[in-house]
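# Architecture and fold: a report
Chain residues, written in single-letter form:
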Amino acid sequence: MTRLLHFICLIFLSGIATTTAFAQADVQKKIQTDLIMADDGATIDLPAGTFALVSSLSLQDKKNITIRGAGSSKTVLSFKNQSEGAEGLRVTNGQNIVIENLTIQDTKGDCIKTMNVNGITFRNVLVEWTGAPKETNGSYGLYPVQCQNVTIESCTAVGASDAGIYVGQSKQIVVRNSVAHHNVAGIEIENSIGADVYKNHAYENTGGILVFDLPDLVQKKGGNVRVYDNLIENNNFDNFAPKGNIVARVPAGTGVVVLATNQVEIFSNQIINNKSQGTAVISYFMTEEPIKDPQYYPYPTQISIHDNTYSRPPVHATYKGRMGMMFRFKLRFGKNVPDIMWDGIVDDKAPTKESPLCLKNNKNAKFANIDAANDFKTISRDISKVTCELPPQTTAKQ
């Protein structure tokens, strides 16, 4: 409470309402000083108002800290004219950090990045880039990486040129009751172990929810991921990722993509009106990128897709981009686009020949194995070969 009263007095004495350069610099200095000087266990309260900041804020080597605004619509930290640093807020080497009830917008890079934090919670946080989505927007809205015990709840992400809500190389993750729209990827779980993604709304992104394993990262293999009870709809927004990014290959009209990871269970979702692929299960070979990491396994395994509801209008898949060319010249589905697609690429050296993919009880779902390994020569819509059941994944985190 002392810090809050001090901050309010500072605002009043400095004439913050005039948004003069001097006043805004004082706010920047005050917030950063509080972050540096905070004792373990402290709560840093940020008052209501829109504050124009020009440098990244950072918190490091702290435990049991709460950074709390007056509400996501009331406390707004704007980095529209950012001149120093890339992130809006960066948290490193911490334990039990809570960030809640505020907005961070228009950062040069990521809105909030946390790294090497055990126990990080984002609650009622809005991260956004205002204006029309464009490739010069920052890559990630919420960006915990190499963290443990991650909770993202009741958050909103808008306008990221990579992923609005991203969790990478982390363990024990919950993403729930959140909204992602007008990003390239709405929600992405990458090289992470033990994730529950549920009761979220992903709409009007290029791709709704992505579960990826990629090479050349510190944490090599992800898995034990559950994606359930989500509304994933109308993710038909044109891809605006910078060229060279892996998500630049995601075609507009994508609901869910599973790329080269294992033990993923996708169930009880509504996957609606995603024109190119409701759900795609693919190997890393579909990216057409070379694999230089000898420890990387490029095939998806133990992917269970069941009890979802699919629907889409009878329209063509996208014809834009590399994947659009595939839809137009190789797959030739016309308007009869399958809801669930598998590239059909399997590991010939795998110890068992069981299908890496099991489908069951998906309402209105059409399927295709696109036979990518053989240049799409024998596309099969026979769902019987992948109609099976896998044991359910365990809960990632209570």
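Look up a bit, the structure's there.
What you see is a predicted model, and the numbers here were worked out from it, not measured in a lab. (Residues numbered from 1 in each chain as written. Predicted model: local features only at pLDDT ≥ 70, side-chain atom pairs only at ≥ 80, totals over all residues. Heavy atoms only, no water.)

Attention now goes to empty space enclosed by the protein. One pass over the structure, following the stated rule, counts four cavities of 30 Å³ or more. For the largest cavity, the calculated volume is near 160 Å³. Along the wall of the largest cavity there are 13 residues; nearest its centre are R249, V250, I282, T287 and M323. Of all the secondary structure elements, the ones that give two or more residues to the lining of the largest cavity are β22 (254-259) and β25 (277-282). Here the lining of the largest cavity takes three residues from β25, the largest share from any one element. Within the lining of the largest cavity, the residues separate by chemical class into 10 nonpolar, two polar and one charged. Lining the second largest cavity are I31, L35, I44, L46, L57, I67, L77, L89, L102 and I104. When residues of the lining of the second largest cavity are traced back to their parent elements, those giving at least two are α2 (21-37) and β7 (95-105). (1 Å grid on protein atoms, 1.4 Å probe; cavity = no way out; pocket = protein on both sides within 12 Å on 5 of 7 lines; lining within 4 Å. Points joined across faces, edges and corners; volume = space filled by probe spheres on them. Helix = DSSP H or I, 4+ residues; strand = E, 2+ residues; numbered from the N terminus. Nonpolar A, V, L, I, M, F, W, Y, C, P; charged D, E, K, R; others polar.)

Let us look at the environment of V337. Its location among the elements puts V337 in the loop between α3 (321-331) and β28 (340-342). As for V337 and C388, which are separated by 51 residues in sequence, their C-alpha atoms are 22 Å apart. Not counting the four nearest positions on each side in its chain, V337 is found in contact with K275, S276, R312, V315, A317 and K366. (Contact = heavy atoms within 4.5 Å.)

Let us now look at unusual backbone geometry. A positive phi angle, near 60°, is found at D61, a position not held by glycine. Turning to its location among the elements, D61 is positioned in the loop between β3 (55-60) and β4 (63-68).

So, about the side chain of K113. Relative to the helices and strands, K113 resides in strand β8 (residues 112-115). Buried and unpaired, K113 has no salt bridge, with E87 as the nearest side chain of opposite charge at 4.6 Å. For K113, the residues in contact, after removing those within four places along its chain, are E87, L89, R90, V91, Y143 and V145. (Buried < 20%, exposed > 50% of the residue type's maximum accessible area, 1.4 Å probe, protein only. Lys, Arg positive; Asp, Glu negative; His and termini not counted. Salt bridge = Lys/Arg side-chain N within 4 Å of Asp/Glu carboxyl O.)

Our next topic: the side chain of Q28. Structurally, Q28 can be placed in helix α2. Residue Q28 is classed as buried on the basis of its relative accessible area of 10%.

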